[in-house]
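Chain by chain, the residues run as shown.
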Amino acid sequence: MKKWIRLFLSVIILFAGLGFTACADGNSSNSNSKDSLQETTLENERQTIIRAYEERYNVDTANGDYAYIIEYYGKFNSGAIVALMSATCFDHPAVVRHETVGDIEFIYPDSNRIIVLYQKEFFTLPEAYENGYLSAYDLADVYLTHNLKHYLLYD
């Protein structure tokens with residue numbers, strides 16, 4: 001089963017790497033405004049999860065500590081925002097960590113793990129998947145992004 005998942009994900013990576021793009025409609029101002037809106041939306045999502053993380057994990061921003069995103073995986077149809085995060089006040093030992101979600105194994109370079117913000121609550125990746133906040137397709141998307149950034153951890 002894992003071989004099929006890897007084959008499927010490899011095909012997706014191949015197509016993503018080829019850089020398929022939609023044809024431009026010739027209206028560059030419309031394209032620029034869409035890009036600007038997408039950038040604003042993305043920044044709002046990032047700030048939402050950072051503020052929630054600081055509040056949930058009592059990051060002492062008054063004393064100069066702050067939360068930050070290591071890897072951002074996106075906002076999905078359910079409204080779940082997925083990221084690998086930390087804060088300046090946390091120490092994450094450099095111990096390789098494994099986590100299996102569905103049939104997919106995630107490998108982390110340290111004790112950090114991917115978290116999911118859903119309706120102002122944080123969940124682990126397995127909890128979010130089991131509760132239906134992330135679909136199998138969403139999970140595969142997160143895996144692809146994670147694997148591309150941390151490919152040296154995988155076979």
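Please read these numbers as outputs of a predicted model, since none were measured by experiment.

So, about the pairing of strand β4 (residues 104-108). Most of β4 is tucked away: 4 of the 5 residues are buried. Direction of pairing for strand β3 (residues 97-101) relative to β4: antiparallel, over a ladder of 5 bridges. Considered in β4, the bridge of glutamate 99 is made with phenylalanine 106. Connecting β3 to the antiparallel partner β4 that follows it, the hairpin turn spans 2 residues, and glycine 102 within it adopts a positive phi of roughly 60°.

What follows covers a nonpolar patch on the surface. Together, Tyr66, Tyr68 and Ile70 line one region of the surface with nonpolar side chains, adding up to about 270 Å² of accessible area. Along the chain, tyrosine 66 turns up in the loop between α2 (28-56) and β1 (67-75).

Taking 1.5 Å per residue, 14 residues should reach 20 Å; helix α4 (residues 136-149) reaches 20 Å between its end C-alpha atoms and fits that length. Every buried residue of α4 is listed here: Asp138, Leu139, Ala140, Val142, Tyr143, Leu144, His146 and Asn147.

The next thing to look at is the pairing of β1. Two elements, β1 and strand β2 (residues 81-87), share 7 bridges in a ladder whose sense is antiparallel. Across the sheet, the residue bridging to tyrosine 72 is alanine 83, located in β2. In textbook terms, the turn of a hairpin is the stretch between consecutive antiparallel strands, and for β1 and β2 this stretch comprises 5 residues, one of which, glycine 79, has a positive phi near 100°.

Parameters and conventions
- Residues numbered from 1 in each chain as written.
- Predicted model: local features only at pLDDT ≥ 70, side-chain atom pairs only at ≥ 80, totals over all residues.
- Heavy atoms only, no water.
- Buried < 20%, exposed > 50% of the residue type's maximum accessible area, 1.4 Å probe, protein only.
- Helix = DSSP H or I, 4+ residues; strand = E, 2+ residues; numbered from the N terminus.
- Pairing = 2+ DSSP bridges.
- Patch = residues over 30% accessible without salt bridge, like charges linked within 9 Å, V, L, I, M, F, W, Y side chains within 5 Å.
- Areas by Shrake-Rupley, 256 points an atom, 1.4 Å probe, with all protein chains shown as cover.
- Salt bridge = Lys/Arg side-chain N within 4 Å of Asp/Glu carboxyl O.
- Expected span 1.5 Å × (residues − 1).

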